[in-house]
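Understanding the architecture of this molecule
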Amino acid sequence: AIIAVAFVWLAAGSALLAVGLDPGVLITAGFISGLPAGVVSPIAATLYQDRPPKVLRADVQSISGALIYGAAPVAVIVAGLLADALDASRLLSAIAVLLICVAGLALVWLPARHP
């Protein structure tokens, strides 16, 4: 449930970014969008350290770090191209809707996987 709440929180930040023109709203939206990382990061770090066998722990952490840091520039480029092709507020609204869908999937899938 914590992961789903983090996704909804991130969606709220994206929705604020979509409608915000005032600098105060944009700063608030950026703050709200950054908070889920503080919630999800310790959970992810705990899973990376607890789940894999001790022999594979370093490999799992290095591969996950490489994927995260490698995907970030690709995501920025794709988002930039989409923002140029579409209206930026439409793009941010679509991102907010997708994040809420991911939150719904997390609420359904995670309890079914870990009863």
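Note that the structure is a prediction, hence the values are computed from the model and not measured. (Residues numbered from 1 in each chain as written. Predicted model: local features only at pLDDT ≥ 70, side-chain atom pairs only at ≥ 80, totals over all residues. Heavy atoms only, no water.)

1. Points about a nonpolar patch on the surface
- Taken together, Val-5, Trp-9, Phe-31 and Leu-35 make up a surface patch of nonpolar side chains, about 390 Å² in accessible area.
- Of all the secondary-structure elements, those providing two or more residues to the nonpolar patch are helix H1 (2-19) and helix H2 (23-50).
- Summarising the element assignment, Trp-9 is placed in helix H1.
- Accessibility expressed as a relative area gives 40% for Trp-9, which makes it partly exposed. (Patch = residues over 30% accessible without salt bridge, like charges linked within 9 Å, V, L, I, M, F, W, Y side chains within 5 Å. Areas by Shrake-Rupley, 256 points an atom, 1.4 Å probe, with all protein chains shown as cover. Salt bridge = Lys/Arg side-chain N within 4 Å of Asp/Glu carboxyl O. Helix = DSSP H or I, 4+ residues; strand = E, 2+ residues; numbered from the N terminus. Buried < 20%, exposed > 50% of the residue type's maximum accessible area, 1.4 Å probe, protein only.)

2. Regarding the confidence of the model for the protein
- When the pLDDT values of the protein are averaged, the result is 81; 92% of them are 70 or greater.
- Put simply, H1 is where the protein has its lowest mean pLDDT, 77, and helix H3 (residues 57-85) is where it has its highest, 88. (pLDDT = per-residue confidence, 0-100.)

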